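Architecture at a glance
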Amino acid sequence: MCLAIPSKVVAINDDIATIDVDGVRRKASLMLVEDVCVGDYVIVHAGYAISRIDADAAEETLALMHQVFQ
Amino acid sequence: MTQTRTIKISPITRIEGHAAIAIELDETGNVADSRVHFQAIRGFEKFVEGKPAEELPRIVTRICGICPWHHHLASNKAVDRCFGVTPPPAGQQLRELIHSIAHAEDKLLHFFFLAAADFVIGPDADYAVRNVIGVAKANPDLAKKVVQMRYKAKMMIEKFAGKAIHPVAAVTGGFAKAMTEEDRKWMLAEMREIYDFARFTMDFAKKDIFPKYMDAIASLGVINTGFIGTVDDHGALNLYDGKIRLMKSDGAYTDFDPGNYTDYIGEHVPSWSYGKFPYARFWNEGFSLDLEHPKGVYRSNTLARINVADHMATPAAQEELEEFRQAFGRPAQATLLYHYARLIEEVYACEHAIEMLEDPDITGSDVRAPVEPKAGRGVGCVEAPRGTLIHDYSTDENGMITRANMIVGTTHNLGPINMSVDQAARSLIRDGHVDEGILNKVEMAVRAYDP
């Protein structure tokens, strides 16, 4: 469903990023976001990174999700 | 030897989250049953118990980052009601303005990036090109323009109201800051540009896209259900506030205050899913996803809102609604019409944002009413892009949450999505013949709902 989990960008090839969430890796298009680098966190929706978020916010959200879904 | 088999489509491309479709074929190779499984967010309601209510509008945005503003606002409305506070008019207007801009941004994203590949490239095209890169290659100028427009909407929210992803600008009792005259002027200019693009998109879709897919629109994923949406006192569609209207498939409807939602909407948990399936308790017919005789099933999101509304409150959107009704009637049941309805709402969201920005009262300095935490119950409801979003909280005398219940837009559509997939699978899969084009058409039926 429409959940948005912050994902860490671990590699970029052309406009496609490899993203990592708790060790699960997927691909996401970077077409909709500007200036994303390896190490950044992005919110991924339906195969597209739709926003870049700062690391503090991403880690806070991930910690919260781990508590909720534990 | 004959045997049954299960076809799995997982994860569904261009559909967010971890949805999976399972289609079971019987020994003759025809569809016996189809199910769509979604990741659920159960656990959240328990998690917030004991937390200060005023923190919830900030916490909820971290759970649902696709439409954080809509959760942020529904949550604020719920806390307002727990504490018995009414935001001053300028505070209300600012909340509603951001709500409209966020709607405008979301619909452009969905139409061009999630749905367009099906329409522009075509459902039978190879998966390698049937994606956004293919769309961009087929029409590079348009793709660039969409990215620009979406960025504009996002930056409007971010520059004026702060973080677009984890919003904090709405607060219990109103809004955290007033709008300056300078803000109003540049935002109005930006919004007019997005509106022009919305009109262009509507014309482009009506001329170059929808006519090619009339057969698919008339058949793919078509089911017969009721609908839910929010209307104002005059029956016009309202995305931010009003009465909830629950319409039966024959067009008869009942309006109710969101605070009484439990009298009208029940939540069913089927044995095969962790998700809650809301249904129309008020109709007193139980709950069944049977294709021929569904019971208690209604749909949310764009097509639903367009169907329940008597009219649109803005002129260009009203003209579009009239043209739509002339062609498809009311209520329109064809599932792919969600895309058409989405573009009518896009026009409305832009027009309404412009209206609000043209009103000088929006720069009023009184944006926040004083608040005192207290014991109470509050139901906050807005129309999120994916449907009627309900946050229902109870607080103790210190303003701590004692109980929370949430109905998220997409959950209204979980039952209907299952029905549309079953309908599409049954009509497309015959004698065991399945190919990529067929499976993509089944996905298209899901994608229309933008789950």
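Quick word on the overall build of chain B
What chain B contains, in helices and strands, is 15 helices and 14 strands. Relative to a compact globule of 451 residues, whose C-alpha radius of gyration would be 22 Å, chain B shows 22 Å and is just as compact. With respect to the principal axes defined by its C-alpha atoms, chain B has extents near 75 × 50 × 35 Å. Here chain B, with 451 residues, has 61% of them falling under the buried criterion.

With respect to the overall build of chain A
When you go through chain A residue by residue, the secondary structure sums to one helix and five strands. Order of helices (α) and strands (β) in chain A, N terminus to C terminus: β-β-β-β-β-α. For a compact globule of 70 residues, the expected C-alpha radius of gyration is about 11 Å, and chain A comes in at 11 Å, within 12% of that figure. If you line up chain A on its principal axes, its C-alpha atoms span 35 × 25 × 20 Å. Counting every position in chain A, which comprises 70 residues, the buried fraction comes to 53%.

Quick word on the packing of helix H7 (residues 181-209) of chain B against helix H11 (residues 315-328) of chain B
All names here are of chain B. Their axes nearest at 12 Å, the elements H7 and H11 cross at an angle of 15 degrees. Here H7 lies roughly parallel to H11, going by the angle between them. Crossing angle aside, the handedness with which H7 passes H11 is left-handed. Here H7 contributes Tyr195, Arg199, Met202 and Lys206 to the contact with H11, which in turn contributes Ala316, Glu320 and Glu323. Its residues assigned to classes, the contact of H7 with H11 shows three nonpolar, no polar and four charged.

Regarding the packing of helix H6 (residues 140-161) of chain B against H7 of chain B
All names here are of chain B. Remark: H6 packs on H7, axes separated minimally by 10 Å, with the N-to-C direction vectors making an angle of 150 degrees. Our classification of the angle between H6 and H7 gives roughly antiparallel. For the pair H6 and H7, the crossing hand works out as left-handed. On H7, the residues touching Leu142, Lys145, Val146, Met149, Lys152, Ala153, Met155, Met156, Lys159 and Phe160 of H6 are Asp183, Trp186, Met187, Glu190, Met191, Glu193, Ile194, Phe197, Phe200 and Phe204. When its residues are assigned to classes, the contact of H6 with H7 shows 14 nonpolar, no polar and six charged.

Observations regarding the pattern of salt bridges
Any two side chains of opposite charge can pair if their charged atoms end up close together. Residues and elements named next belong to chain B. As enumerated under the stated definition, the model contains 30 salt bridges over all chains in all. In this structure, the salt-bridge partner of Glu190 is Lys152, at a minimum N-O distance of 3.4 Å. Of this pair, Glu190 sits in helix H7 while Lys152 is found in helix H6, placing the two residues 38 residues apart along the sequence. Of the residues examined, Lys152 reaches a relative accessible area of 18% and is grouped as buried. Between Lys276 and Glu267 there is a salt bridge whose closest N-O contact spans 2.9 Å. Among the charged side chains, a network of salt bridges with common partners joins Lys243, Arg245, Asp255, Asp310 and Arg330.

What to know about the environment of Asp15 of chain A
Residue and element names in this part refer to chain A. Looking at the secondary structure, you find Asp15 in the loop between strand E1 (6-13) and strand E2 (16-21). Take Asp15: its relative accessible area is 37%, and that puts it in the partly exposed class. The residues contacting Asp15, other than those within four sequence positions of it, are Ala28, Ser29, Leu30 and Met31.

Topic: the environment of Asp183 of chain B
Tracing the sequence through the fold places Asp183 of chain B in helix H7. For Asp183 of chain B, a relative accessible area of 15% translates into the label buried.

Considerations on the packing of aromatic side chains
Residues and elements named next belong to chain B. Taken as a whole and assessed by the stated rule, the structure comprises 15 aromatic pairs over all chains. Between Phe44 and Phe47, the ring centres sit 6.3 Å apart and the planes meet at 35 degrees, which makes this aromatic pair tilted. With Phe44 and Phe47 both in helix H1 (residues 44-47) and three residues apart, this pair spans about one turn of that helix. The pair formed by Phe44 and Phe47 is uniform in burial state, with each residue classed as buried.

Examining the sheet that holds strand E7 (residues 243-247) of chain B
Ordered by their spatial adjacency, four strands build an open sheet running E8-E7-E6-E11 (chain B), and the pairing between neighbours is mixed. Edge strands, defined here as strands with exactly one partner in the open sheet, are strand E8 (253-256) and strand E11 (298-299) of chain B.

Considerations on the sheet that holds strand E12 (residues 376-384) of chain B
Residues and elements named next belong to chain B. One open sheet holds the three strands; their spatial order is E12-E13-E14, and the pairing between them is antiparallel. The open sheet has two edge strands with one neighbour each: E12 and strand E14 (401-407). Taking the axes of each pair of neighbouring strands and ignoring which way they run, one obtains an average angle of 10 degrees across the sheet. By the bridge criterion, six bridges tie strand E13 (residues 387-395) to E14 in an arrangement that is antiparallel. Each bridged residue has a counterpart across the sheet, and for His391 the counterpart in E14 is Met406.

Considering the side chain of Gln333 of chain B
All names here are of chain B. By secondary structure assignment, the location of Gln333 is in the loop between H11 and helix H12 (337-358). In terms of polar contacts, Gln333 uses its side chain to reach the backbone carbonyl oxygen of Thr225, at 2.9 Å. Apart from the residues within four sequence positions on either side, Gln333 is in contact with Val222, Ile223, Asn224, Thr225, Phe227, Ser249, Arg299 and Leu303.

Regarding the nonpolar core
Residue and element names in this part refer to chain B. If you look at the biggest cluster of nonpolar residues, it comprises 121 residues, and the most contacted ones within it are Ile23, Phe175 and Met191. Ranked by residue count, the leading element in this core is helix H4 (residues 89-121), at 15 residues. Residues in contact with Phe175, not counting those within four places in the same chain, are Trp69, Gly91, Leu94, Arg95, Ile98, Phe160, Ala161, Ala169, Ala170, Val367 and Arg368. Within the second largest apolar cluster, 20 residues are counted, among which are Leu56, Ile59, Val79 and Phe83.

Considerations on the confidence of the model for chain A
When the pLDDT values of chain A are averaged, the result is 82; 93% of them are 70 or greater. Averaged over each element, pLDDT in chain A is lowest for helix H1 (residues 55-69) of chain A (80) and highest for E1 of chain A (91).

Cut-offs and rules
Residues numbered from 1 in each chain as written. Chains lettered and ligands numbered in written order. Predicted model: local features only at pLDDT ≥ 70, side-chain atom pairs only at ≥ 80, totals over all residues. Heavy atoms only, no water. Helix = DSSP H or I, 4+ residues; strand = E, 2+ residues; numbered from the N terminus. Rg over C-alpha atoms; globule rule 2.2 N^0.38 Å. Buried < 20%, exposed > 50% of the residue type's maximum accessible area, 1.4 Å probe, protein only. Axes fitted to C-alpha atoms, helices over the stretch in contact; angles between N-to-C directions. Parallel < 35°, antiparallel > 145°, perpendicular 65-115°, else oblique. Left-handed = near helix turned anticlockwise from the far one by under 90°. Contact = heavy atoms within 4.5 Å. Nonpolar A, V, L, I, M, F, W, Y, C, P; charged D, E, K, R; others polar. Salt bridge = Lys/Arg side-chain N within 4 Å of Asp/Glu carboxyl O. Phe/Tyr/Trp six-rings, centres within 6.5 Å; stacked < 30°, edge-to-face > 60°. Pairing = 2+ DSSP bridges. Polar contact = N/O pair within 3.5 Å; in protein donor to acceptor, adjacent residues only side chain to side chain. Core = buried A, V, L, I, M, F, W, Y, C linked by side-chain atoms within 4.5 Å. pLDDT = per-residue confidence, 0-100.

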